[in-house]
Amino acid sequence: MSVRELDFDSCYRAVASRDARFDGRFYTAVTSTRIYCRPICPARTPASRNVRFYRHAASAEAAGFRPCKRCRPELSPGDPGWDHRGDLVGRALRLIDEGVADEGGVAKVARRLHITERHLHRLFATEIGAGPLAVARTKRLLLAKQLLTETGLSITDVAFAAGFGSVRQFNATMKETYGFTPGELRATAGRAVTDNTLTLRLHRREPYDAQALMGFLGSRAIAGLEHLDETGYSRAVPGGTVTLTPAPGHVRLEVSLDDTRHLARVVARCRRLLDLDADPEAIVGALGETSLAPLVTARPGLRVPGAWDGFEVAVRAVVGQQISVAGARTILGRIVDRAGRPTGAQGLTRLFPTAAELLEADLSGLGLTGRRVATLKALALKVAQEEIDLDGAQEPGEATAGLLEVPGIGPWTASYIALRALRDPDAWPEGDLGLRRAMACLGIPNDHIERWRPWRAYAALHLWSL
C-alpha cells in the first residue's frame, strides 16, 4: 500500500482475517453504522459494499464516522509509515503528537517547520485526507476517550490533559463528533473519579523485546535522573515523573504531573523512547534475507531505543565518545547534578539540563577534557539558538549536517544521534568499534552494510546485542 492510496482488496482481506500486522496502518469505516474500527475489531466483518478505508483516524472522522467502542481506535499503535518518515508531513505529525498544535495552533506547527499554513494544509489534504487542525482535534478526542475510559481523572482534568482550552469546548466537540458527551462515556466506562494518578496503556506491535530495550536504558541510567528496577524504567520529566512497565501486549505508563496539560507530549515521547510504533514484520522481512538472518531470527522483536529529549541524547553521544558506557554514565551524572534543575522529589531528584542551562553551566572539574567541554558548549549554543532542532521539526539530513558543523562531532556521533533522537531507521554509526568486532566475529564483510538499507539502525542494534 502506498502512502497516498490504500488497496481495497488488501485492506478487506486484513479486516476479514483480523490481521494484527495492519493495526494502526489504516481504519475501516462502515457506512451502515457510521462507525470506524481497527482492522482487528472483533465485530462481524461488514459487507464490502458498506466499507471505506482511511489512512488516518482524522480522515475517518472528517468523513463523519465515529470511533468504535469495542476495538477502541485510540489504542492503536502508530502507523510505522509516519513514524519513520522525515518529510514535512511526518515531522508535522510528530509535532502534533507532542501537543504543539494545542499550544499554538497550526500556525505554530507551520512555523516550526518553516513553511506556510496553506502549504501545510495542502500537504495534509493530499497525504492524509484531512487538514492538520482536524488531525490535532482527533488526537485530542482519542486521548480524552482513553483517559475517560482508563483513568479516574475528573472530566475537567481530562479536558485540559487532552489539550482542550475549556470544558465547554471539550463537551461540545465530543458531542458534535462522537454523538455522546464526556459524562455519558464516563458513565458507560464505569470509572469513578479518584485523583490525579494516571495509568495508561501504550500498545505496541508484536514481537517486542522489552527486556533488551529496558536493559539498554538501564545500563545507561543516570543517577538522580532515571533508574530501572523490577517495576520498570522511571525518570524525572519536567513537572513530574514517568514509569514505564512492560506488560503483555502493551507498556503500562504511570504518570505523575503537576500540570496534566503536558500529557500528550509525555505520551508521544514515551512511545518514541520505547520505539513502540516500529514495524517488526518489515524489519525482519528485510534483514532476515541478509547475513544478519541468524540474529534477526533469534530476536525478531529487537527495537531501537529512542530519546526522551533529542538534546539529551546528543550530550550523551558527545560524552560517550571513546569511553565506556559506565564511564560516560558517571560523567553524565556529574553534569546532571551540577546543571540540572532540582525536582524536589525523592530518588528522581534532577532533570537533564536544557541547552540554555548547559550553555551557562560551569563544566570544569567533572572529568571532561577541555575539547569535550568546548564541543558541548558549541552544541548547546546551536540548539539554544534553534539552528539545530533535535526533537522532530527539522529534516533529519539538515539536522545531521548541522551536527557535523560542531567542532568535535564527527560521523559516528552524528549518526548515533540520528539513530536515537532523529528516528532515522537507516542511521549507521560509521567506525563503531563494537559493530566492527561483531561483524568480524560473524565473518560479515563491510560491503554487506549497504544490503541492510533502509534498516541499518536495527542492524546495528542486533550487532550491538551480541
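Residues numbered from 1 in each chain as written. Predicted model: local features only at pLDDT ≥ 70, side-chain atom pairs only at ≥ 80, totals over all residues. Heavy atoms only, no water.

## Quick word on the environment of Leu123
Then, number 1: Among the secondary structure elements, Leu123 is positioned in helix H6 (residues 117-127).
Then, number 2: Take Leu123: its relative accessible area is 22%, and that puts it in the partly exposed class.
Then, number 3: Spatially, the C-alpha atom of Leu123 lies 6.8 Å from that of Val89, the residues being 34 residues apart in sequence.
Then, number 4: Contact partners of Leu123, with chain neighbours within four places excluded, come to Leu88 and Val89. (Helix = DSSP H or I, 4+ residues; strand = E, 2+ residues; numbered from the N terminus. Buried < 20%, exposed > 50% of the residue type's maximum accessible area, 1.4 Å probe, protein only. Contact = heavy atoms within 4.5 Å.)

## Observations concerning the pairing of strand S1 (residues 27-30)
Then, number 1: A two-sided burial pattern is seen for S1, the buried positions comprising Tyr27 and Ala29 on one face and Thr28 and Val30 on the other.
Then, number 2: Here S1 runs beside strand S3 (residues 51-54); their pairing, made up of four bridges, is antiparallel. For Thr28, the partnering residue across the bridge sits in S3 and is Phe53.
Then, number 3: One ladder, built from three bridges, connects S1 with strand S2 (residues 35-37); its direction is antiparallel. Residue pairing in the sheet places Thr28 in a bridge with Cys37 of S2.
Then, number 4: Here S1 folds back onto S2, and the loop between the two strands holds four residues, one of which, Arg34, carries a positive phi near 60°. (Pairing = 2+ DSSP bridges.)

## Re the packing of helix H15 (residues 310-319) against helix H18 (residues 370-384)
Then, number 1: Interaxial distance between H15 and H18 falls to 10 Å at its minimum, and their mutual angle equals 165°. The angle between the axes of H15 and H18 places the two elements in the roughly antiparallel class. The two elements H15 and H18 meet at a crossing, and its hand is right-handed. Contacts from Phe311, Ala314, Val315, Val318 and Val319 in H15 reach Arg372, Thr375, Leu376, Leu379, Ala380 and Val383 in H18. (Axes fitted to C-alpha atoms, helices over the stretch in contact; angles between N-to-C directions. Parallel < 35°, antiparallel > 145°, perpendicular 65-115°, else oblique. Left-handed = near helix turned anticlockwise from the far one by under 90°.)

## Quick notes on the pattern of salt bridges
Then, number 1: Taken as a whole and assessed by the stated rule, the structure comprises 36 salt bridges.
Then, number 2: Between Arg272 and Glu98 there is a salt bridge, and its shortest N-O distance comes to 2.2 Å. Highlighted residues: Arg272 in helix H12 (residues 263-273) and Glu98 in the loop between helix H4 (88-97) and helix H5 (100-113), separated in sequence by 174 residues.
Then, number 3: Relative accessible area serves as the criterion here: at 11%, Arg272 is assigned to the buried category.
Then, number 4: Across the salt bridge formed by Glu226 and Arg235, the nearest N and O atoms sit 3.9 Å from each other. Taken individually, Glu226 and Arg235 each receive the classification buried, so the pair is uniform in this respect. (Salt bridge = Lys/Arg side-chain N within 4 Å of Asp/Glu carboxyl O.)

## Points about the pairing of strand S7 (residues 232-237)
Then, number 1: Of all six residues that make up S7, six are buried, and the element is covered over most of its length.
Then, number 2: With four bridges connecting them, strand S6 (residues 226-229) and S7 associate as antiparallel partners. Considered in S7, the bridge of Asp229 is made with Gly232.
Then, number 3: Between S6 and the antiparallel strand that follows it, S7, lie two residues.
Then, number 4: With five bridges connecting them, S7 and strand S8 (residues 240-247) associate as antiparallel partners. Within the sheet, the bridge partner assigned to Val237 lies in S8 and is Gly240.
Then, number 5: Here S7 hands over to S8 after two residues, with Gly239 in that stretch at a positive phi of 85°.

## Quick look at the sheet that holds S7
Then, number 1: Overall, antiparallel pairing links the five strands, which are arranged S5-S9-S8-S7-S6 in an open sheet. At either end of the open sheet lies a strand with only one pairing partner, and these are strand S5 (198-203) and S6. Pairs of neighbouring strands in the sheet enclose a mean axial angle of 20°, with direction left out of account.

## As for the side chain of Gln321
Then, number 1: Looking at the element boundaries, Gln321 is found in the loop between H15 and helix H16 (325-339).
Then, number 2: Ignoring sequence-local partners within four residues, the contact set of Gln321 consists of Arg372, Gly408, Ile409, Trp412 and Thr413.

## Some remarks on the sheet that holds strand S4 (residues 66-67)
Then, number 1: Read across the sheet, four strands follow the order S3-S1-S2-S4 without closing on themselves; strand pairing throughout is mixed. At either margin of the open sheet sits one strand with a lone partner, and together these are S3 and S4.
Then, number 2: Helix-sheet contacts for helix H1 (residues 8-17) involve S1 and S3, and the interaxial angle to S3 is about 100°.

## Thoughts on the state of the cysteines
Then, number 1: Going through the model one piece at a time under the given rule, you end up with zero disulfides.
Then, number 2: The cysteine Cys68 is free of any disulfide, with Cys71 supplying the nearest cysteine sulfur at 3.8 Å.
Then, number 3: Note on Cys68: relative accessible area 7%, which makes it buried. (Disulfide = S-S within 2.5 Å.)

## Remarks on the environment of Leu419
Then, number 1: Mapped onto the secondary structure, Leu419 falls in helix H20 (residues 411-420).
Then, number 2: Sequence separation between Leu419 and Arg456 is 37 residues; the distance between their C-alpha atoms is 9.2 Å.
Then, number 3: The residues touching Leu419, leaving out its near neighbours within four places in the chain, are Val304, Asp424, Ala427, Pro429, Ala457, Ala460, Leu461 and Trp464.

## Regarding the packing of aromatic side chains
Then, number 1: Tallied over the full model, the rule gives 12 aromatic pairs.
Then, number 2: Aromatic pair Phe164 and Phe170: ring centres 4.9 Å apart, planes at 40°, arrangement tilted.
Then, number 3: The exposure class of Phe170 is buried, given its relative accessible area of 0%.
Then, number 4: With a centroid separation of 5.6 Å and 55° between ring planes, the pair formed by Trp428 and Trp452 is classed as tilted. In this pair, Trp428 sits in the loop between H20 and helix H21 (433-442) while Trp452 sits in the loop between H21 and helix H22 (456-464), placing the two residues 24 residues apart along the sequence. The same class applies to Trp428 as to Trp452, namely buried.
Then, number 5: One aromatic cluster is present, formed by Phe8, Tyr12, Phe22, Phe26 and Phe53 through successive ring pairs.
Then, number 6: The ring of Phe180 has Lys69 sitting right over it, with the charged end atom 4.4 Å from the ring centre.
Then, number 7: One Lys or Arg, Arg140, reaches over the ring of Phe164 and ends 5.5 Å from the middle of that ring. (Phe/Tyr/Trp six-rings, centres within 6.5 Å; stacked < 30°, edge-to-face > 60°. Lys NZ or Arg CZ within 6 Å of the ring centre and 35° of its normal.)

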